Amino acid sequence: MEYRKIGHTSISASIIGLGAEHLDGQPYSVVEETVHAALEQQINIIDLFMPGEEVRQNIGKALGNRRKDVIIQGHIGSVDLNEKYDMSRDLNICKAYFERLMKNLGTDYIDVGMLFFMDSDEAFEQIQANGIIDYALELKEKGIIRAIGTSSHNPRVARKVLETGVVDLMMFSINPAFDMTPPEKDVLDTMEELEKQQYVTIDPLRNELYKYCEQQHIAITVMKTFGGGRLLSAEHSPFKKAMTPAQCIHYALTRPAVVSTMIGCQSAQQVEEAVSYLNATAEERDYMDIISDYQGALSGKCVYCNHCQPCPVNIDIALVNKYLDIALLDTDKIPPSILQHYNSLSVSGSDCIACGNCEDKCPFSVPVIKNMERAAELLR
Ligand code: SF4
Ligand code: SF4
């Protein structure tokens, strides 16, 4: 397993995480098999947004004395009033459900307390006005949560929540189809209509959001990596080609700031399939076949696909481009961590011999040689 550090915290998450949604409604034997398989595979992060007591208790029981081995994303505001999934922005209800989450799991702390479903301006206003952000801060102050997170499908509202400065981690829906969805469209509404959508290019607001996270040390965990399974089917994918799980996971993991993809599983076999990404070859992970049809619109912009490799002097071109993109967000305030990461590379932009091999291979006409020079100038 590989691990990536969560922003400012001292916690590192496995790049493949477990989305527990599909365990809801399953008998304990299924929950136990899946959770134990995840632990066996060294998965150490679980998203647990479901408000139901039974599934929470089953997960707590399956974890047993391995509780300390996992990072739990627990959601503040996920409720099942009237016995159906819902959300609440009422402080007392949020508190009651969050306390009940710990009780159900048999724990006295939650690793990441998530501000749940920040998809609308109204939700953002309510968590401020109703004291829910203050509640999360208080939980963190008391050590009941180790980090504050948020979950969202909307890049514009997510950015507002992140700009409060309180968030360490954001769970966001990322896949090539959603990334090409304009921000004014709700990806959850368009899930059913992905096929009908006009795909033009990667939405700049989403792209900026990921770069902003990297700049601010806010980790991203990914939901909807497979677009609800549609991207895995040529019939249902908007691209009319089936992606493989490895391609979808690799696409998510190569966005800036992403630390983990939360893959929904309900058997040991599904956990093993998700983790098999780690053994996939570069060719098997390569998602270029899917997005290359949009290369005109993406012209000049690096999508971090690594199609330009190999570089004769071994520059990790995608990574240098990623650091450069973040530095260019504000050249007067380049995050020290980006400078540090860049300067710890054994070969970097200044080693470019301008052979041009990469530019010949890049499907998006990225001016790599110029970018390497710019990176050397700005980041060294
Ligand atoms: S420079 Fe081109 S080929 Fe290389 S990672 Fe960026 S987009 Fe991909
Ligand atoms: S132009 Fe520079 S970055 Fe590109 S392949 Fe040649 S040496 Fe590597």
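First things first, this report covers the structure right here in the doc.

### A word on the site of ligand 1
And step 1. Taken together, 14 residues lie near ligand 1, and Cys 302, Cys 305, Asn 306, Cys 308 and Cys 362 sit nearest.
And step 2. Partitioning the shell around ligand 1 into residue classes produces 11 nonpolar, 3 polar and no charged.

### Considering the nonpolar core
And step 1. Judged by nonpolar contacts, the single largest core of 112 residues is most densely connected at Ile 16, Ile 59, Phe 98, Leu 115, Met 170, Ile 220 and Leu 379.
And step 2. With 7 residues, helix H14 (residues 317-327) is the single largest residue contributor to this core.
And step 3. Two domains each donate at least three residues to this core, and these are domain 1 (3-293) and domain 2 (317-379).
And step 4. Discounting chain neighbours no more than four positions away, the residues touching Phe 98 are Gly 74, His 75, Ile 76, Ile 110, Gly 113, Tyr 135, Leu 139 and Ile 145.
And step 5. In this structure, Ile 6, Ala 13, Met 171 and Ala 219 belong to the second largest nonpolar core, which totals 14 residues.

### Some details on the packing of aromatic side chains
Any aromatic ring pair is given by two values, namely how distant the centres are and how the planes are angled relative to each other.
And step 1. Going through the model one piece at a time under the given rule, you end up with 5 aromatic pairs.
And step 2. Between Phe 98 and Tyr 135 the ring centres are 6.5 Å apart and the planes differ by 85°, which places this aromatic pair in the edge-to-face class. With Phe 98 in helix H3 (residues 91-105) and Tyr 135 in helix H5 (residues 132-141), this pair connects stretches of sequence that are 37 residues apart.
And step 3. Take Tyr 135: its relative accessible area is 4%, and that puts it in the buried class.

### What about the pattern of salt bridges?
And step 1. Applying the stated criterion to the full structure yields 13 salt bridges.
And step 2. A salt bridge links Arg 100 to Asp 80; its shortest N-O distance comes to 3.7 Å. Within this pair, whereas Arg 100 is found in helix H3, its partner Asp 80 is found in the loop between strand S6 (78-79) and strand S7 (86-87), the two being separated by 20 residues in sequence.
And step 3. Lys 142 is the partner of Glu 138 in a salt bridge, and the nearest nitrogen-oxygen pair spans 3.0 Å.
And step 4. Using a relative accessible area of 56% as the deciding quantity, one classes Lys 142 as exposed.
And step 5. When salt bridges that share partners are traced, they join Glu 53, Asp 80 and Arg 100 into one network.

### Side note on the site of ligand 2
And step 1. Every residue near ligand 2 is listed here: Cys 311, Pro 312, Val 313, Ile 315, Ile 317, Cys 352, Ile 353, Ala 354, Cys 355, Gly 356, Cys 358 and Ile 369.
And step 2. Taken together, the residues of the shell around ligand 2 break down into 11 nonpolar, 1 polar and no charged.

### What to know about the pairing of strand S3 (residues 16-19)
And step 1. Alternating residues of S3 divide into Ile 16 and Leu 18 and Gly 17 and Gly 19, and every residue in both groups is buried.
And step 2. In the sheet, S3 pairs with strand S12 (residues 258-264) via 4 bridges, with the strands oriented parallel. Paired with Gly 17 across the strands is Met 262, a residue of S12.
And step 3. The pairing of S3 with strand S4 (residues 45-48) spans 2 bridges and is classified as parallel. Within the sheet, the bridge partner assigned to Leu 18 lies in S4 and is Ile 46.
And step 4. This β-α-β element, S3 to helix H1 (residues 28-40) to S4, shows right-handed connectivity.

### Observations concerning the environment of Ile 291
And step 1. Residue placement: Ile 291 occurs in helix H13 (residues 288-291).
And step 2. When the C-alpha atoms of Ile 291 and Glu 21 are compared, they prove to be 29 Å apart, with 270 residues separating the residues in sequence.

### Side note on a negative patch on the surface
And step 1. On the surface, Glu 32, Glu 33, Glu 40, Glu 272 and Glu 273 cluster together to form a negatively charged patch.
And step 2. Of all the elements in the fold, those that place two or more residues in the negative patch are H1 and helix H11 (268-275).
And step 3. With 3 residues, the single largest contributor to the negative patch is H1.
And step 4. Relative to the elements of secondary structure, Glu 272 occurs in helix H11.

Conventions adopted
- Residues numbered from 1 in each chain as written.
- Chains lettered and ligands numbered in written order.
- Predicted model: local features only at pLDDT ≥ 70, side-chain atom pairs only at ≥ 80, totals over all residues.
- Heavy atoms only, no water.
- Near = heavy atom within 4 Å.
- Nonpolar A, V, L, I, M, F, W, Y, C, P; charged D, E, K, R; others polar.
- Core = buried A, V, L, I, M, F, W, Y, C linked by side-chain atoms within 4.5 Å.
- Buried < 20%, exposed > 50% of the residue type's maximum accessible area, 1.4 Å probe, protein only.
- Helix = DSSP H or I, 4+ residues; strand = E, 2+ residues; numbered from the N terminus.
- Domains from an automatic or database assignment.
- Contact = heavy atoms within 4.5 Å.
- Phe/Tyr/Trp six-rings, centres within 6.5 Å; stacked < 30°, edge-to-face > 60°.
- Salt bridge = Lys/Arg side-chain N within 4 Å of Asp/Glu carboxyl O.
- Pairing = 2+ DSSP bridges.
- Right-handed = clockwise from strand over helix to strand, strands pointing away.
- Patch = residues over 30% accessible without salt bridge, like charges linked within 9 Å, V, L, I, M, F, W, Y side chains within 5 Å.
- Areas by Shrake-Rupley, 256 points an atom, 1.4 Å probe, with all protein chains shown as cover.
- Lys, Arg positive; Asp, Glu negative; His and termini not counted.
- Charge placed at Lys NZ, Arg CZ, Asp CG, Glu CD.

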